[in-house]
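# Observations on chain architecture
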Amino acid sequence: MRDLRYALRLIAKSPWLSLIAVLSLALGLGVNATIFSVANGLLLQKPAVASPDRLVEVYTHDPSPRAALNGDYPLSYLDYLAYEKQATSLSGLLIYNPVSQPNVIPSPGASPMPWTGQLVSGNYFDVLGLHPALGRWFLPNEAAVKGSSPVVVLSWATWQRQFGGDGSVLGRTVSLNGMPFVVIGVAPRGFQGLFHAVECNFWAPVTMSDRLGLPGILESRGNRSLFAVGRLKPGVTVAAASAQLDAVQHHLDREYPNGELPTFGGLAAPLGSVPLPFRGFATGGILLLEIVVGLVLLIACANAALVLLAQALGRQREWALRAALGAGRGRLIRQGLIHSVVLAVIAGGLALVIAAGLHPLLLHLVPADTPIAAPPALSSTVVWFTFALALAVGILFGLLPALQAARVRILDYIKDGTPGSGAVRSRTRSGFIMAQIALCMMVLVGAALCLRSLARARAINPGFDTQHLIVVTTLNPQSLGHTGKDAETFLKNLRAGVSAVPGVSAAGYTTQPPLQVGESDTFVLPEGMAPPPHAQGFRSEYTQVSPDFFKASGTPLVSGRGFTDADLASGRQLVVINQTLAQQFWPHGDAVGHTLLRNGQGGTPMTIVGVAADGKYNSLDESPRPYFYPLTTIAMPATMMIHVAGNPQAFLTPVRRVLQNADPQMLSSNVETGAQFMQSPLFTAKMSGVLLSGFGILALLLALVGLYGVMASTVARRAREYGIRMALGADAPNLLRLVVSQGLRLAAWGILAGVILAALATHFMTSLLYGMSPADPISYIAAAVLLALITLLASLIPALRASRTDPLRALRQE
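These figures come from a predicted structure and were not determined experimentally.

Right, let's get into the overall build of the protein chain. Helix and strand content of the protein chain: 23 helices and 24 strands. Residues classed as buried in the protein chain amount to 53% of the 814 residues present. Across the protein chain, contacts joining residues at least 24 apart in sequence account for 79% of those joining residues at least 6 apart. With an accessible surface of roughly 34,300 Å², the protein chain has 62% of that area assigned to carbon and sulfur atoms.

Written out as C-alpha cells, the structure reads:
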C-alpha cells in the first residue's frame, strides 16, 4: 500500500509524462478491446443451449479440390430424413435455414418491415434442450406436413421490441409474406439461434418453406441448403459419429446414383459459433485484426516504457540512496512495477471508454442490409479481458525500467552524484525506438497492401455492368400467395411493368445473382464426347436466367446471342456458356450451335446459342471457371437485373412504385443500385482496408510521440555538449544535421527490421488481397517513405532547439 501511494504521488509529480504513457496505453488497449468484443461475440461464445459440447454440425463432404465452402455442404431435406433415421450415434438431429428478409407486418395496420428468421425442424428446440420463456415449441405434426402449420416462435428481443414484452402475444397473428402466422411461443432470453452472429426474429417450421421464400427445398435431393446439428449419444465421440454419417451418405449415393449432385461422404464436426464452411474465413479475418492491434499495443507499450525511462533519469539518486539504506533489488523492482501497473490500470479504464466509442464505428462498416446481431461493446468478458491485458502490459513495459533501477551503481552517486550507465540507458531508449519503428513499418505495410487491394477490387471487372444497374432481390411470388402458373404470370407481368418505365432498356431474371453466397453446379458433357473415368461429366456451375438477362445485367456476349421471349415460347432447351467452358470443349472453333448435355452423359441436351464473357460468379478474386446459363421458365426465388440509361439512383423510386402496384406486400428495401449491390462482395476488402489504415495511422502517431520524446530528452540532456560545440566553432546547421541524422539513423535501422518482419508476416494476408502479391514493392516503398518523413518531423523540432543553444550559458555552467 505504501508503494501504491508512492506511485500515485509520482504520477501527480510528473502529470504530463504520465498522461503521455496513459493515453498511449489507452489507445492500444482500446483498439484491442474493440476487436476482442467482435471476436468474442462472433467466434468465442457458445450458443446458449444445454450441453453445447455434445452438439455436432453435420455435413455432406466433397473432397474435390475445386469444391466450394471447403467441400462441406449443408444437407438436403431428403438427406436429413435419411440421416435422422439411420444415424444411431445421435440422440437427435435438427435442421435450420436462414430466411432472408420476408415481408412482415407484426400487427394489423403496421407498416411492412424486413425480419430475419429461420426455418427449422419440429425438434429444433428439443434437441437444443431449451425451454420457452413463454408459450410452447412446435408440435410434431406442425413440422411434418407441407404448408399445414403457419405458426412461429418469436425471439426474446423481437418480443420485447415489437410487442413490448406483452404476455398476451400468444395467439396473435403476424403477417409473413401476406400469410397470417400464429405466435405460439417466445424463445429464452439471449438465444439468437445456432448462428448467433446473425440476428433472428422468429422461427417457423421448415414445412412452411414455400411461403417464406425457399420453395422446393422439401422435394429436391440436390438442394443442399439446410444446416444440420445433432446431439451425440452418451459415450459416442465426434470421430465415431462422423464415421457413421460417412457410411450413411455413401449408402445414399449408391441408392440414388442419378442424383442431381452426387456427394462423397458425410461429416460430423464440433459445434462452433460460426458454421464450419464459413469458419475459416471469419477466423482468418479476426485473427489478422487481432495481430495488427497487438502490434499497435506493443508500440504503445514502448512509448510507456520510454516515459518510465525518462522518469528514471530523475530518480537515479533516489534509487542509489534507497539501495545504500538497505533496499534490495526485489524491493526496488516491486516499487517500479507497481508504478507501471497503476498507469496501465488507469489506461485500462480509459480504454473501455474508447472501445465503447469505436464499437458503433466498427459496426457502421457492415453493409446496412446485413442482419448482424451486434455483440455488446462492453460485456463482462470484454471488461475482464481489458483489465487482464492492462495488468500484463503494465508488467511488460515496466519490467525493464524496474530492472534498471535495481542495477543502480551506488558508488557512482556516493562519489560525485553522476550516473555510470548513461550509455546503457541511451542504447535502451534507442532500442525501443527502433522496435517501435519496425512494428509501425509492419502495420503500415499491411495497411498499404489492403488499401491498394481495395482499389484493385473496385477496379475488377465483375463481368456485368454495375454503373447502369438496378437489382431487385428475393422476388418470390409463391411467398405472396401466387402459385403455379399464377406465379409465372406474376413475374412475367412484373418484368413487363419494369421494362415499361421510361429509361429502362431491359429487365431480366436470374435464380443465382452473381457474387452472392450460394452455388449451383452439375456435370456437363458435349454431345458425343466420352465422359472422364468414374464420372458422369465435367463439373460446371450455372444459374438459370430469363430472356433479356444478358442485356439487363450488362453481361457482354463474345459470340452468338442471348435469349428472347420467342425462345421461351418455343419450349426449346437453350443455353449460353461462358468463355472458359467454350475453350474447354471447343478450343479451336465456335461453340455456338453445338449441344451440351446437362447432368452428364444421358442428361438433358441443350443447344448453345451464345458465348458470354467470363465473369466473377462467387467472389471477386476467383480465377476463371466454367459456367453456363440455361434458359428457363421463371424459377423462384428470383433476382431481377434492370439496365437503365442514366444514374440508377434516379430510377429507384419508379421501380419501387411498380413493385408496390404489383403487390403491396413486396419490400421496397430489396431494391438497390449496382453500387449498393457491390457493397457485399467488396465488404472484406473495404473492412480490411479501412481498419488497417486506421490502425496504421494510430501506430504512426504513437511512433511519432515516442520518437519525439526520445529526441527531445536527448537534446535536453546534451545541451551543455551542444553549447561547447558551438563555442568551438560549430554553427546551427551543423547541430541541425547532427540531431536529425541521429533520428534518421534510428529510423533506417527500424525500417530495415520492419521490412524483414513485414515480408514474413504479410505472406499470411494473401487471401485478403485482390490481384496483387503481398510482396508489392509500392506498398513497402510508400510505408518506408512515410516513416522517414515522420522521423524527420519528430527530429526537426528538437534539432531546431539544439541549434539555438546559447554557448556562453553552457560555458558558464561548465
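On to the packing of aromatic side chains, then. As enumerated under the stated definition, the model contains 23 aromatic pairs in all. Their ring planes at 40° and their centres at 6.2 Å tell us that W115 and F202 sit as a pair that is tilted. Taken together, the residues W115 in the loop between β5 (113–114) and β6 (117–120) and F202 in strand β11 (residues 202–205) connect sequence positions 87 residues apart. Accessibility classification places W115 together with F202 in one group, the buried group.

Before going further, it helps to examine helix α9 (residues 329–364). Between the first and last C-alpha of α9 there are 51 Å, a value that for 36 residues agrees with the 52 Å anticipated at 1.5 Å per step. The sharpest bend along α9 reaches about 25° and sits at L358, with the proline P360 one to four residues further on.

It is worth spelling out the nonpolar core at this point. In terms of nonpolar packing, the biggest core is built from 87 residues, with L25, L29, V393, F397, C440, F695 and L787 touching the most fellow members. Beyond its immediate sequence surroundings of up to four residues, F695 is in contact with V31, I35, L289, V292, V293, V296 and V443. Residues I95, F181, A204 and M208 belong to the second largest nonpolar core, which totals 42 residues.

Once that is clear, we can look at the packing of helix α21 (residues 732–761) against helix α22 (residues 777–803). Axis separation between α21 and α22 bottoms out at 8 Å; the angle between their running directions is 155°. In terms of axis orientation, α21 runs roughly antiparallel to α22. Helix-helix and strand crossings are classified by hand; for α21 and α22 the assignment is right-handed. When its residues are assigned to classes, the contact of α21 with α22 shows 21 nonpolar, four polar and no charged.

Quick look at the side chain of S540 now. With respect to the helices and strands, S540 occurs in strand β17 (residues 538–542). Within the structure, S540 has its side chain in polar contact with the backbone oxygen of P626 (distance 3.4 Å). Beyond its immediate stretch of four places on either side in the chain, S540 contacts S520, D521, T522, V524, L581, P626, Y627 and F628.

A turn of α-helix holds 3.6 residues, and therefore any two residues three or four places apart point the same way. Within the sequence span of helix α17 (residues 652–662), burial applies to L652, V655, V658 and L659. Here the buried residues of α17 occupy an arc of 130° about the axis, which is enough to place them on one side. Those residues of α17 that are buried lie in contact with β14 (469–475), α13 (484–499), β23 (638–644) and β24 (671–673).

With respect to the helices and strands, A506 occurs in strand β15 (residues 504–510). Taking relative accessible area as the criterion, A506 reaches 2% and is therefore assigned buried. Sequence separation of A506 and D548 is 42 residues, and the distance between their C-alpha atoms is 6.4 Å. Among residues more than four places away in sequence, those in contact with A506 are D548, K551, A552, M641, I642 and H643.

Keep in mind that low pLDDT regions are not for reading the predicted coordinates in detail. In this model, the protein chain carries an average pLDDT of 82, and 87% of its residues clear a pLDDT of 70 or more. Confidence drops under a pLDDT of 50 for residues 417–424, and excluding neighbours within four residues, the segment shows 10 contacts in the predicted structure.

Summed over the entire model, instances satisfying the criterion amount to 10 salt bridges. With its nearest N and O atoms 2.9 Å apart, the salt bridge here joins R172 to D166. Taking relative accessible area as the criterion, R172 reaches 32% and is therefore assigned partly exposed. As a salt-bridge pair, R452 and D776 come within 2.7 Å of each other at their nearest N and O atoms. Residue R452 is found in helix α12 (residues 422–459), and its partner D776 is found in the loop between α21 and α22; the two are separated by 324 residues along the sequence. According to the relative accessible area criterion, D776 is buried, its value standing at 9%. What you see here is one network of salt bridges that share partners, running through R495, D548 and D565.

As a further point, take the sheet that holds β14. Spatially, β15-β23-β14-β24 is the arrangement adopted by the four strands of the open sheet, whose pairing is antiparallel. Strand pairing shows two members of the sheet lacking a second neighbour, β15 and β24, which therefore form its edges. Recorded for the sheet is a direction-independent mean angle of 20° between the axes of neighbouring strands. Note: β14 against β23, five bridges, orientation antiparallel. Bridge assignment links V472 to a residue of β23, and that residue is M640. Together, β14, β15 and β23 form the strand contacts of α13, whose direction differs from that of β15 by roughly 155°. Of the strands in this sheet, β14, β23 and β24 are in contact with α17, which crosses β24 at around 160°.

A cluster of nonpolar side chains, W16, L19, L23, L350 and V353, forms an exposed patch at the surface whose accessible area comes to about 510 Å². When contributions to the nonpolar patch are tallied by element, the ones reaching two or more residues are α2 (15–44) and α9. The element best represented in the nonpolar patch is α2, accounting for three residues. Topologically, L350 is positioned in helix α9. For L350, a relative accessible area of 32% translates into the label partly exposed.

A separate point is the pairing of β6. Burial along β6 is two-sided: the face carrying G117 and L119 and the face carrying Q118 and V120 are both buried. Bridge count for β6 against β11 is four bridges, and the pairing is parallel. Pairing of G117 across the sheet is with F202, part of β11.

Attention shifts here to the environment of Q516. Within the secondary structure layout, Q516 lies in the loop between β15 and β16 (521–526). For Q516, a relative accessible area of 21% puts it in the partly exposed group. Along the sequence, Q516 and Y617 sit 101 residues apart, while their C-alpha atoms lie 7.8 Å from each other. Not counting chain neighbours up to four residues away, the residues in contact with Q516 comprise Y617, F677 and P681.

This next bit is on unusual backbone geometry. The phi dihedral of S51 falls on the positive side, at around 45°, and the residue is not glycine. Its place among the elements puts S51 in the loop between α2 and β1 (55–61). The exposure class assigned to S51 is partly exposed, which follows from its relative accessible area of 45%. Although it is not a glycine, D548 adopts a positive phi angle of roughly 70°. Topologically, D548 is positioned in the loop between β17 and α14 (549–553). Residue D548 is classed as partly exposed on the basis of its relative accessible area of 30%.

It is worth spelling out the side chain of T207 at this point. Relative to the elements of secondary structure, T207 occurs in the loop between β11 and β12 (227–232). The exposure class assigned to T207 is buried, which follows from its relative accessible area of 3%. With residues up to four places along the chain from it excluded, the contact list for T207 reads E142, A143, A144, V145, K146, G147 and L218.

What counts, and at which threshold
Residues numbered from 1 in each chain as written. Predicted model: local features only at pLDDT ≥ 70, side-chain atom pairs only at ≥ 80, totals over all residues. Heavy atoms only, no water. Helix = DSSP H or I, 4+ residues; strand = E, 2+ residues; numbered from the N terminus. Buried < 20%, exposed > 50% of the residue type's maximum accessible area, 1.4 Å probe, protein only. Contact = heavy atoms within 4.5 Å. Areas by Shrake-Rupley, 256 points an atom, 1.4 Å probe, with all protein chains shown as cover. Phe/Tyr/Trp six-rings, centres within 6.5 Å; stacked < 30°, edge-to-face > 60°. Expected span 1.5 Å × (residues − 1). Bend = angle between axes of the 7 residues up to and from the residue. Core = buried A, V, L, I, M, F, W, Y, C linked by side-chain atoms within 4.5 Å. Axes fitted to C-alpha atoms, helices over the stretch in contact; angles between N-to-C directions. Parallel < 35°, antiparallel > 145°, perpendicular 65-115°, else oblique. Left-handed = near helix turned anticlockwise from the far one by under 90°. Nonpolar A, V, L, I, M, F, W, Y, C, P; charged D, E, K, R; others polar. Polar contact = N/O pair within 3.5 Å; in protein donor to acceptor, adjacent residues only side chain to side chain. Arc of directions from axis to C-beta. pLDDT = per-residue confidence, 0-100. Salt bridge = Lys/Arg side-chain N within 4 Å of Asp/Glu carboxyl O. Pairing = 2+ DSSP bridges. Patch = residues over 30% accessible without salt bridge, like charges linked within 9 Å, V, L, I, M, F, W, Y side chains within 5 Å.

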